[in-house]
Amino acid sequence: MSQGSGVIRPNILWISTHDINPDLGCYAGIWPGAEYAHTPNLDALAARGVRFDNAFAAAPICAPARSAIVTGCYPTAIGTMHMRSKAVPPPTVRLLPEIFREAGYYCTNNWFTDFQVDLPEVVFDDCSPAAHWRNRPTADTPFFAMFHGMSTHESQLYLEDDAFAAATSHVTDAERHDPAAAPIPPYYPDDEVFRTAWARYADLITEMDHWAGQILDELEADGLLDDTIVVFWSDHGKGMPKAKRWAGEAGLREPLLVSWPGHLPEAATSSGLVHTMDLAPTMLALAGIDVPSFMHGVPLFGVDGAVVTEPNEFTYGGRDRQGEAEDRSRTVRDHRFRYIRNYHPDKPAMIHTDYSDQLSTWAAFRKLASDECQQRARGEALTTMTAAQRAVVAQSKPREELYDIVVDPHELVNLVAEPANRRDLTRLRAALDAWIERYGDLGAVPEEVLEEQWRPGGVHRATSKPIAEIRDGLLIASCETEGAILAWTDHEPSASGPRGPLQREIGMPSGTGSIWTIYSEPVPVLAPVWVKAWRLGYEPSAAELVASPS
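S.K.: I tried to follow the packing of aromatic side chains on my own but got confused; where do I start?
M.R.: Two measures describe an aromatic ring pair: the distance that separates the ring centres and the angle between the ring planes. Under the criterion given, the structure shown has 21 aromatic pairs. Ring plane angle 75° and centroid distance 5.5 Å describe the contact between Phe-194 and Phe-365, whose orientation is recorded as edge-to-face. Here Phe-365 lies in helix α10 (residues 360–377) and Phe-194 lies in helix α7 (residues 192–221), a separation of 171 residues in the sequence. Residue class for Phe-194 comes out buried when judged on its relative accessible area of 0%. With relative accessibility at 0%, the residue Phe-365 sits in the buried group. Between Phe-314 and Tyr-316, the aromatic rings sit 6.2 Å apart at their centres with planes inclined by 55°, giving tilted as the arrangement. Using a relative accessible area of 11% as the deciding quantity, one classes Phe-314 as buried. By way of ring pairs, the aromatic residues Tyr-187, Tyr-188, Phe-194, Trp-198, Tyr-201 and Phe-365 are connected into one cluster. One cation-aromatic arrangement involves Arg-51 over Tyr-27; the distance from NZ or CZ to the ring centre is 5.6 Å. Lying across the ring of Phe-164, Arg-200 places its NZ or CZ 4.1 Å from the centre.

S.K.: Help me out: how do you make sense of a negative patch on the surface in this one?
M.R.: A contiguous patch of negative charge on the surface is contributed by Asp-217, Glu-220, Asp-226 and Glu-266. With respect to the secondary-structure elements, Asp-217 resides in helix α7.

S.K.: I would appreciate a short explanation of empty space enclosed by the protein in the present structure.
M.R.: If a probe as big as a water molecule is rolled over the atoms, it shows which places are left empty. All told, the structure shown has 3 cavities of 30 Å³ or more when counted by the stated rule. Reported here for the largest cavity is a volume of approximately 70 Å³. With 3 residues, strand β12 (residues 315–319) is the single largest residue contributor to the lining of the largest cavity. For the lining of the largest cavity, the residue count by class is 8 nonpolar, 3 polar and 1 charged.

S.K.: Which parts of the structure should I look at to understand the pattern of salt bridges?
M.R.: Once their charged atoms are close, side chains differing in charge can pair, the charge on each being opposite to the other. What the rule picks out here adds up to 38 salt bridges. Glu-249 serves as the salt-bridge partner of Arg-338, at 3.1 Å between the closest nitrogen and oxygen. Residue Arg-338 is found in strand β14 (residues 337–342), and its partner Glu-249 is found in helix α8 (residues 249–252); the two are separated by 89 residues along the sequence. Of the two residues, Arg-338 and Glu-249, both sit in the buried class. Arg-328 is paired through a salt bridge with Asp-441; the nearest N and O atoms lie 2.9 Å apart. Taken together, the residues span a long stretch of sequence, with Arg-328 in the loop between β12 and β13 (329–333) and Asp-441 in the loop between α12 (422–439) and α13 (447–454) at a distance of 113 residues. For Arg-328, a relative accessible area of 12% translates into the label buried. Taking the relative accessible area as the measure of exposure, Asp-441 reaches 12% and is therefore buried. Salt bridges sharing partners connect three or more residues here, namely Lys-242, Glu-249, Arg-253, Arg-333, Arg-338 and Glu-411.

S.K.: Hey, could you run me through the environment of Glu-313 in this one?
M.R.: Here Glu-313 shows up in the loop between α9 (279–286) and β12. Between the C-alpha atoms of Glu-313 and Ala-166, which are 147 residues apart in sequence, the distance is 44 Å. Setting aside residues up to four positions removed in sequence, Glu-313 forms contacts with Leu-273, Arg-333 and Asp-334.

S.K.: Any chance you could explain helix α1 (residues 40–47) here in plain terms?
M.R.: Since there are 3.6 residues in each turn of an α-helix, residues three or four apart along the chain are aligned in direction. Of all the residues in α1, the buried ones are Leu-42, Leu-45 and Ala-46. Across the axial projection of α1, the buried residues extend over an arc of 100°, all falling on one side. Next to the buried residues of α1 lie β4 (50–56), α7, β8 (228–234) and β9 (253–259).

S.K.: Explanation requested: the pairing of β13 in the structure shown.
M.R.: Moving residue by residue along a regular strand, the side chains alternate between the two faces of the sheet. Within β13, 5 of the 5 residues are buried, leaving the element largely enclosed by the surrounding structure. Judged by which residues are buried, β13 turns out to be covered on both faces: Ser-329, Thr-331 and Arg-333 on one side and Arg-330 and Val-332 on the other are all buried. Bridge count for β12 against β13 is 5 bridges, and the pairing is antiparallel. Within the sheet, the bridge partner assigned to Tyr-316 lies in β13 and is Val-332.

Rules used in this analysis
Residues numbered from 1 in each chain as written. Predicted model: local features only at pLDDT ≥ 70, side-chain atom pairs only at ≥ 80, totals over all residues. Heavy atoms only, no water. Phe/Tyr/Trp six-rings, centres within 6.5 Å; stacked < 30°, edge-to-face > 60°. Helix = DSSP H or I, 4+ residues; strand = E, 2+ residues; numbered from the N terminus. Buried < 20%, exposed > 50% of the residue type's maximum accessible area, 1.4 Å probe, protein only. Lys NZ or Arg CZ within 6 Å of the ring centre and 35° of its normal. Patch = residues over 30% accessible without salt bridge, like charges linked within 9 Å, V, L, I, M, F, W, Y side chains within 5 Å. Areas by Shrake-Rupley, 256 points an atom, 1.4 Å probe, with all protein chains shown as cover. Salt bridge = Lys/Arg side-chain N within 4 Å of Asp/Glu carboxyl O. Lys, Arg positive; Asp, Glu negative; His and termini not counted. Charge placed at Lys NZ, Arg CZ, Asp CG, Glu CD. 1 Å grid on protein atoms, 1.4 Å probe; cavity = no way out; pocket = protein on both sides within 12 Å on 5 of 7 lines; lining within 4 Å. Points joined across faces, edges and corners; volume = space filled by probe spheres on them. Nonpolar A, V, L, I, M, F, W, Y, C, P; charged D, E, K, R; others polar. Contact = heavy atoms within 4.5 Å. Arc of directions from axis to C-beta. Pairing = 2+ DSSP bridges.

Here you go:
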């Protein structure tokens, strides 16, 4: 933590994981089945800080949800709602770590990105598997360090036995979860496939907890625990049917823990409605940095460190294209009800995609649906699934859904047609309409139209080359491209190396940002220097050599 001009600049550590709901021990009694978890390190973090009990992702799948967290914006408002895509956000939009870098923070990402844009290398000092706050230039340099764990990703649920044992090598025999005790929701078949998947899901969370504990141990060993805001979050719900990819409770509800000893409440809970995208403005506000007006999220703490009791009246989310599966749903939630509007009710909720249909839980549902077709062919009553299970794999979905989460946390009873809930239905319809009216919904625009607007003829727009000079020892630079980021260096930049297919898909930067200093105002330099410009969604400019006038 650094302090200058009377402003405390805390360090910030983000520990995030993939594909889990609030299935941590500290959420027992709050989230159904959380008592099954074994997460001593994250439980201890919750005891040192604030546990948010009603935190929600903006989307039930990775890249759109992560784009919201790193921009503080609704994906449907900035064009990052499809999984995956390379969006061109409005020129006002900036990525959170870039703002912190400009403010003097050492920013690292270890290592996953997936923010729906090609990441300019200037955003992070280091974005790699080796990125760590310990590499910052001085011990007094404040840092923003992001660690993104992969151990709970849905792919890990379905590994072969030997590979799964290796992936959970830190889980002791005593910590292994008994499939027979798994708290299977009523919309899943109570069979070996789902009990095994659920037990594995819990084992992976325990493995992830061990990894998170190692990072926290390093922070404590460095004497930084009291000087650092620590945040734990997940991107969206678990990698099983009716969770990940579904715009409902199990797809969107997330664990969120925030700790800063001596500055934020300890052993506290908050029941206020929270978006995970609220993290971006929250971090800036706690660090004493102005929150940009383009952000849609709101700070979760007051200037005195107190938790904002009701930061949002509603939370919003949506489901759009997932791989090759095109769909569109929007949802709004208050403290009691969730309303979902499905724009393609003729499409199944469990829509086919090549990847997910290879997973054992998806295949099990498909097999049960096939078995019921055989029962129909024989003129028999349907007995292989319950009504709740049959709804998961149904070939269509309601145009509207309304659930009372307080009495129906698994969203089994659709109340849309209930006269007693007409007022709530009308109220939430209006809330969703008002949200779309205020922020827009680019998901309503055909994707090929958006892509043509962003990349005419399939060609990326180019960031204009910087206009730069050294005058009286000061570097003065600008760029004609609206929304461009400018940076300079006195080290001759090297050519960027090639990126592999995954690196291109998730938008990993093509070079290191450590040599670049973000430019925001005239700065003293010793010639020569190089200046470069980036604009999110555009090709970057070439690096321009700038020398002193002769």
